[in-house]
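# Coordinate analysis (summary)
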Amino acid sequence: MTKQEFSSKIEELSKLQGYQKPEYHHGVLKLDSNENFVVNKQLQQDIINFAQKNSDVREYPLGKSEKLVESIASYVGLPKYMVGIGNGSDQILDIILANFASRKTKILTSNPTFSFFEERCKLYDIPTIKIPFTKNMTLDINDFLSKSKQADILYLDSPNNPTGFQFKKDELSRIVSKFDGMVIVDEAYGEFSDYSLASMTKKYNNLIVVRTFSKSFGLAGLRLGYVLANKKFIDVFTRVLQYPYPLNALAIEAGVFALQKIKQIEETTKIIKEERTRIIKKLRESKAFDVFDSKANFVLFDARGADKRIYTALLEQGISIRKLGKIGKHEGCLRVTVGTKDMNSKFLLAIRDLLK
Ligand SMILES: Cc1ncc(COP(=O)(O)O)c(C=O)c1O
């Protein structure tokens, strides 16, 4: 690469936006990144203590990730040779895109979809076909099936970020079984929804399910993701594509321990689902918003032109939510993460006061 080519490449890359993280605000109620604060401090402390006790960070974590893979396999009910791990599901998605997609492969997805995925497609110059959401923030299966004929890869976040929409299980299964190409189903929010396609990876070799510890396990800071797929794919993923040590020793141990505490984690998921129903109900009662159903740990609503005012006013009161702007026919969308009961009550009270 000549100096000129090097400069041109940097120039070309600098035109990309990259993934837009939420603005950082110190000391606010964080309802902007779909994290999980219902997993309490004590459980977090127990996880960290266990990880600390069981690791020696002077060593590479040789032979450690296998233990985590085994624990994940028993959690999802698949053999361990169908499980791969990564530094967050972001990294897994990146590896898949970098190695299985190119300028010549078209990816069919929804509009919007997980924005990191969209940005990565731009980075690798991968063309995408995007199916828009309807006015009710749902997707039309027939649109998907007919457009899928033009695509080589299908990517769906199930449930979708940022809308919270999830196809019915038989619909998504139909898409997977009919599509002649690779299907990536991103179940980052799978535990908050009604079903998982994990077990379908036994039947369909073209199905790749990506999951994470960042959401229902409340371990976003540890960067723990995993992928479920056929044996041959996982072998290539782990042996050839993935780094030798993608997860640090502490994160591996933390993941193993968190899976031992699955009952406690599941209780927090239950609370989040109940709170999600409460938030949707209360926001709808205000009659000031269009509030969409959600199968994830967040709720999307259209503030009908008041989005910027509401976002700023909440921030002034120390509550940070996500401002998303136009989605389909809805001009002013906001997304709020379902937090603890107390956090959600503060958010709902603040909204009520703003509408007075
Ligand atoms: C749909 C979806 N997939 C993947 C991720 C990334 O998860 P991780 O923390 O495992 O990288 C997110 C995070 O917000 C997401 O919304």
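Residue positions are counted from 1 within each chain, in the order its sequence is given. This being a predicted model, a pLDDT of at least 70 is required before a residue's local features are given, and a value of 80 or more before pairs of side-chain atoms are given or counted; all residues contribute to the totals for chains, interfaces and linings.

Here a strand is any run of E in DSSP of at least two residues, a helix any run of H or I of at least four, and the numbering for each starts at the N terminus. Within the protein one finds 12 helices and 13 strands. Note on method: radius of gyration uses C-alpha positions; expected globular size equals 2.2 Å times residues raised to 0.38. Against the compact-globule benchmark of 21 Å for 356 residues, the protein has a radius of gyration of 21 Å, which places it among compact chains. Principal-axis analysis of the C-alpha atoms places the extent of the protein at approximately 60 × 50 × 50 Å. Between the buried cut of 20 or more and the exposed cut of 12 or fewer other C-beta atoms within 10 Å of a residue's own C-beta lies the partly exposed class, and all C-beta atoms are placed from the backbone. Relative to its 356 residues, the protein shows a buried fraction of 43%. Contacts are defined on C-beta atoms placed from the backbone: any two residues whose C-beta positions lie within 7 Å are in contact. Partitioning the contacts of the protein with sequence separation of at least 6, the portion at a separation of at least 24 is 73%.

Here the focus is the nonpolar core. Each nonpolar core reported here comprises buried Ala, Val, Leu, Ile, Met, Phe, Trp, Tyr and Cys residues connected via C-beta atoms within 7 Å. Counting 92 residues, the largest nonpolar core has Leu154, Ile184, Ile208, Val209, Ala229, Val299 and Phe301 as its most contacted members. Considering every element that reaches this core, the biggest residue donor is helix 9 (residues 249–260), with six residues. Start and end points for every domain follow an automatic or database-based domain assignment. Here this core spans two domains, since at least three of its residues come from each of domain 1 (24–38 + 263–354) and domain 2 (42–261).

Our focus in this paragraph is the sheet that holds strand 13 (residues 330–337). Pairing between strands requires that DSSP locate at least two bridges from one strand to the other. Within the open sheet, the four strands sit side by side as 9-10-13-12. Their pairing is antiparallel. Whereas interior strands pair on both sides, the edge strands pair on one side only; in this sheet they are strand 9 (290–291) and strand 12 (322–327). Bridge analysis of strand 10 (residues 298–302) against strand 13 gives five bridges, and the strand direction is antiparallel. Directly across from Asp302, in strand 13, lies its bridge partner Cys333. Fitting a line to C-alpha atoms yields each axis, with helices limited to the stretch in contact; the angle taken between N-to-C directions then spans 0 to 180 degrees. Running at roughly 25° to strand 13, helix 11 (residues 307–316) makes contact with strand 12 and strand 13 of the sheet.

According to the domain assignment, the protein consists of domain 1 (24–38 + 263–354) and domain 2 (42–261). The distance between the C-alpha centroids of domain 1 and domain 2 comes to 25 Å. Mapped onto the side of domain 1 that touches domain 2, the elements with two or more residues apiece are helix 10 (262–285), strand 10 and strand 12. Top element by residues in the side of domain 1 that touches domain 2 is helix 10. It accounts for six residues.

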